[in-house]
Amino acid sequence: MNKIKDLFKVRWMSSLVFLLLLFLITGIADHNFLTYSNIINCFNTATMYTLLAIGIAFVIMTGEIDVSIGATLGLTAAMTGLIAQSGGSIGKMLLICVAVGAAVGVFNGVGVAFFGVPSLIFTLGTNGLIRGLIYIVTDGRTVENFGGPIAYYGNKELFAQITLYYALTILLVAIAHVLLTRTRKGKYFIAVGDNPGGANLVGISVFRTKLIAYILCGVFAGIAGYVFASKYRQVMTVAGNGYEMTAIAACVLGGISLSGGLGNMVGAAIGAVIMSSISRLLVFIGLPSDYNNTITGIMLIVIVVVDSLTQRRSIEMSRRKRLLSRTAPGAAKGGDEA
Amino acid sequence: MKALKKLFRRWEFFLVIFLVLEFVVFGSANPKFLRVNSIMTSIVNYISVCIISLFVTLVMITGGIDIQAASIIGLTSIIEGVLWSDAGLNIWVAVVIAIVAAAVCGALSGFFVAYCGVQPMVVTLGGSFLYSGLALLISGMSATPAYQGISGFPAKEGKTFVDFRFLGKGELLGIPMQIWIYLVLIVLCVWILHRTKYGERLYLIGVNQQAAEYSGINTRLVIMSTYVLSAVSAALAGTLLTSNMNSAKYNHGSGYTLAIITAVVLGGTLNTGGKGSILGTVLASLIICILRYGLPLCFGVSTQNLDLPVGIILVLVVLGREIAGQHMISSLFKKRGSAR
C-alpha cells in the first residue's frame, strides 16, 4: 500500500494517470477510439513536441525560460530543407541542425547566465533575431519539393506501428532522464533551479549549468526542426511559430514547475503527448477541432490551479502536524529532537 | 549638474536619444519619411501594441506577466461582430458587453494568479489558449464564415466616418481618433502609476509582496485588478482594430504577444517587478513602431523581415544595459575600496 502511495507522489505519475483518463473518456465517448493504432498514433504525432519539451525542460528546471525554440525549429527545418534540395546527406543535415541549435543555445546561455539578462527578455530578442534569419536563409519563400532519403524516413515505421523518429525520441527521453536523475552533473540542473545561491556555495557553477541547459535546449530544438522538415516536407517561413508556448504548456502539464527545481523528463514527454493528442481526441469525442484551444486552455488552468492548491494544502498540513507534535502533552521531548 | 547627471542615468533618456537618432537617420535617408501623415498612419497601424503595452506595464511592475492580452483582442472583436450582426444589438451595446466580457476574462486570470498563487506566466499562457479558443467558438455562432470576418459596420456618410467607424477611421483636428485615445490613455496611465496611491502600491508589491501585505495593503486585490486593467485595454484595442479595419475576426492580434512584451521590456520595466515607467513603455513602443515604418521605406528591408532588426535591438539594448549596470556597480565597489 505504501509503495502505491509513493508511486503517486512521483510527479509524472499524475500526468500519466491524466493521459490515461483522457484516453478512457474518449473511449467511452466512441468505442472505435480504443484500438492499438489510434493510441500509438497519438504518441507518434507527439515526436516534435516531445523533443521541444524535453529540451526546454532542462532550461525550465534551472529556473529560466526559452521562448526562442519555436524559431530555432523553424530555422533548422528550413536549413534541412535547403540541404535536401541540393541533395545533401542526412548526416550533413543532422550535423547542421545540431550545430545551429547549439550555437543558438550558446548565444542564449551567455546572454542569460553570464550577463544576467532576464531570460524571458533575452530569448524574446533571440526569437526575433532567428525569425529574421529564417527570412534571409530562405529568401522569404517556402522551402518545399525535396525528396530523397529524408522523405523516406519521415513516416517510416520501425516496429508495431511505432515510427522510427518516435522510437529514437523515446531513447533520447530515457537518456535525458537517466542523466538528470542518476548522474552527478545531471542533478546540478535541479539544484541550480531550486536554489542558485546554495548551489553556488557548494561549488556548482551556476553559469556553466545554465549554459549547458540552454545548449541542450537548442540542440533538441534543432533536432525537432529536422523532424519537422522530414515529416512535412514543406517548410514555411512561419514554421514553428507558437510551438514554444505548446512546449512550455507540455512541461507544465508534466508537472515541471516554472519557477525551477522541480520535475522530470518523463513528465515532460507525457505532457507533450497530451498536448499533441488533444485535437485527435476531440475528433473522436465528436467536437469540431474548433474546440482545440479552449479545451487546452481550460485543462492547463485547471491542472496548475489544482496543483498549486494541493501543494499549499500539503505545506499547511505538514506545518500543522509539526505544531501539534510540539504542543501535544508528553511530546515536548520528541519535538525537541525533531 | 547633479540633476543633469541623474538625467543621463535615466533609461528614458537613452530611449529619447534613440528615437531622435531614428528620425535623423531615416529622415536623411529618405525625405518622404518625415511626412507627418505617414508617421501617424504607422502609429495607427501599431496602436494595439502601443495601448496594451501601457497596461501590461502595470502588471509587470507588480512582478507578474500577461501573455493573454493579445488573444483578448480577437475575443472582443468577434464578440462585437457577432452581437452586432447576428444578434442585432446596437453596436455600442455590443462594445460595452465585449469590454465587460474582457474584464471578466482578466479577472479570472487575475484571480488564479493572486488568490491561488499560480505563476502568472502559466495562468496567462492557459488564458491565451482559452480566450483565443473561445473567440473561435463564438465566431462559429455567426452566419459569416470564420475566415472571412464580419464586416459592414456603421457608418459612413459620404466621405466622413461617423458612429462606430469614427473611432477607428475618424479624425479630430487633423489627428486620427486612435492617436487621441492613445494620448488620453497615456495621461491616464501616468496619473494612475505616478500620482495615485494605487500606483505606489503597485511598485511596493513588485519590490516585496510580503512587506506590502504586512503594511496593510490588500495585495491580492491589487494584483488581480492589474490583470483586469490590461484585459480592458486589450478590449479597447480590439474595438479600435475592428472599427479601423471594418472587420471583426477571431484571430485579430494573434501575433502581438511577443511585441507587447518587447515594448514593455525595452521601456525599462523589470519583469521581476518593482521598476518601470509609463514614459519608457511609450517611448519603446514608438521606437519599434518607427523602426517598422522606417526600415522598409528608407532601406528597402522586406516588411516580412522586420523581426530581425527588432530582435537585434532588443538583445543589444538589454545586454548593454546589463553590462553598464554591472560596470557601475563594480566602480561603486572600487570607490568604496579606495576610500578605505
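Just so we're clear, the structure is a prediction, and the values are computed from it rather than from any experiment.

Describing the overall build of chain A
Scanning chain A from N- to C-terminus turns up 16 helices and four strands. When the 338 residues of chain A are sorted by exposure, 47% land in the buried category. Of all intrachain contacts in chain A linking residues separated by at least 6 positions in sequence, the fraction that spans at least 24 positions is 77%.

Quick look at the overall build of chain B
Along its length, chain B carries 15 helices and six strands. For chain B, the proportion of its 340 residues judged to be buried stands at 51%. A fraction of 75% describes how many contacts in chain B between residues 6 or more apart in sequence connect residues 24 or more apart.

A look at the domain arrangement of chain B
How big an interface is tends to be stated in terms of the accessible area lost upon association of its parts. All names here are of chain B. For chain B, the assigned domains are domain 1 (2-304) and domain 2 (306-340). At the interface, eight residues of domain 1 touch five residues of domain 2. Among the elements of the structure, helix H13 (257-266) and helix H14 (278-299) are those that each provide at least two residues to the side of domain 1 that touches domain 2. For the side of domain 1 that touches domain 2, the element with the most residues is H14, which contributes four residues. In the side of domain 1 that touches domain 2, the residues fall into five nonpolar, two polar and one charged.

Re the domain arrangement of chain A
All names here are of chain A. Taken as a whole, chain A is organised into domain 1 (10-287) and domain 2 (292-327). When each unit is reduced to the centre of its C-alpha atoms, the spacing between domain 1 and domain 2 is 28 Å. Taken residue by residue, the interface counts six residues in domain 1 and six residues in domain 2. Those elements giving two or more residues to the side of domain 1 that touches domain 2 turn out to be helix H13 (243-253) and helix H14 (265-285). Classifying every residue of the side of domain 1 that touches domain 2 gives five nonpolar, one polar and no charged.

With respect to the interface of chain A and chain B
Opposite the 40 residues of chain A that make contact, chain B presents 39 residues. Of all elements in the fold, only helix H7 (119-138), H13 and helix H15 (292-327) of chain A reach the threshold of two or more residues within the side of chain A that touches chain B. Taken together, the residues of the side of chain A that touches chain B break down into 22 nonpolar, 15 polar and three charged.

Considering the nonpolar core
Counting 208 residues, the largest nonpolar core has A:Leu52, A:Ala53, A:Ile56, A:Ala57, A:Cys251, B:Ala102 and B:Ile260 as its most contacted members. For this core, the leading source of residues is helix H12 (residues 206-232) of chain A, giving 15 residues. Here B:Ile260 is in contact with B:Val49, B:Ile52, B:Ser53, B:Val56, B:Ala69 and B:Ala70, once residues within four sequence places are set aside.

Topic: helix H9 (residues 177-195) of chain B
Residues and elements named next belong to chain B. Between its first and last C-alpha atoms H9 spans 26 Å; for 19 residues at 1.5 Å apiece the expected length is 27 Å, and the two agree. Taken together, the buried positions of H9 are occupied by Met177, Gln178, Tyr182, Cys189 and Leu193. Projected down its long axis, H9 shows its buried positions confined to an angular sector of 130°, all on one face. Within H9, the exposed residues directed more than 90 degrees away from the buried face are Leu183, Val184, Val187, Trp191 and Arg195.

A closer look at the confidence of the model for chain A
Residues and elements named next belong to chain A. Across chain A, pLDDT averages 82, with 94% of residues at or above 70. Confidence, expressed as mean pLDDT per element, reaches its minimum in chain A at helix H16 (residues 332-337) with 46 and its maximum at helix H4 (residues 47-61) with 90. Segment residues 334-338: pLDDT under 50, and three contacts once partners within four positions in sequence are set aside and those in other chains are kept.

A look at the environment of B:Val190
Summarising the element assignment, B:Val190 is placed in helix H9. A sequence separation of 24 residues divides B:Val190 from B:Phe166, and the C-alpha atoms of the two residues are 26 Å apart.

Quick notes on the confidence of the model for chain B
With 90% of its residues at a pLDDT of 70 or more, chain B shows a mean pLDDT of 81. Scored as a complex, the prediction yields pTM 0.79 and ipTM 0.74.

Comments concerning helix H9 (residues 164-182) of chain A
Given a rise of 1.5 Å per residue, 19 residues ought to cover 27 Å, and the 27 Å separating the end C-alpha atoms of H9(A) matches this to within 8%. The inward-facing, buried residues of H9(A) contact helix H3 (36-44), H4, strand E3 (162-163), helix H10 (184-194), H12 and H14 of chain A.

Observations regarding the environment of B:Glu200
Residues and elements named next belong to chain B. You can see Glu200 is positioned in helix H10 (residues 197-207). What makes Glu200 partly exposed here is the crowd of 14 C-beta atoms within 10 Å. On a C-alpha basis, the gap between Glu200 and Gly174 in space is 37 Å, while along the polypeptide they are 26 residues apart.

Digging into the packing of helix H5 (residues 69-85) of chain B against helix H7 (residues 120-140) of chain B
Residues and elements named next belong to chain B. For the pair H5 and H7, interaxial distance at closest approach is 8 Å and the crossing angle is 20°. Taken as axis vectors, H5 and H7 run roughly parallel relative to one another. In this structure, H5 crosses over H7, and the sense of that crossing is left-handed. Across from Ser71, Ile72, Gly74, Leu75, Ile78, Ile79 and Val82 in H5, the residues of H7 making contact are Ser128, Tyr131, Ser132, Leu134, Ala135, Ile138 and Ser139. For the contact of H5 with H7, the class distribution of residues is nine nonpolar, five polar and no charged.

A few points about unusual backbone geometry
Across the chain, the bulk of peptide bonds are trans and the bulk of non-glycine residues have phi less than zero. Residue and element names in this part refer to chain A. Although it is not a glycine, Arg233 sits at a positive phi angle of roughly 50°. Note that Arg233 resides in the loop between H12 and strand E4 (234-235). Among the residues examined, Arg233 registers 17 C-beta atoms within 10 Å and is labelled partly exposed.

With respect to the environment of B:Asp86
Residues and elements named next belong to chain B. Assignment of secondary structure puts Asp86 in the loop between H5 and helix H6 (91-116). For Asp86, a count of 14 C-beta atoms within 10 Å gives the class partly exposed. When the C-alpha atoms of Asp86 and Leu173 are compared, they prove to be 35 Å apart, with 87 residues separating the residues in sequence. For Asp86, the contacting residues outside a window of four places in its chain are Met141, Ser142 and Ala143.

Criteria and cut-off values
Residues numbered from 1 in each chain as written. Chains lettered and ligands numbered in written order. Predicted model: local features only at pLDDT ≥ 70, side-chain atom pairs only at ≥ 80, totals over all residues. Helix = DSSP H or I, 4+ residues; strand = E, 2+ residues; numbered from the N terminus. Buried ≥ 20, exposed ≤ 12 C-beta atoms within 10 Å, placed from the backbone. Contact = placed C-beta atoms within 7 Å. Domains from an automatic or database assignment. Nonpolar A, V, L, I, M, F, W, Y, C, P; charged D, E, K, R; others polar. Core = buried A, V, L, I, M, F, W, Y, C linked by C-beta atoms within 7 Å. Expected span 1.5 Å × (residues − 1). Arc of directions from axis to C-beta. pLDDT = per-residue confidence, 0-100. Axes fitted to C-alpha atoms, helices over the stretch in contact; angles between N-to-C directions. Parallel < 35°, antiparallel > 145°, perpendicular 65-115°, else oblique. Left-handed = near helix turned anticlockwise from the far one by under 90°.

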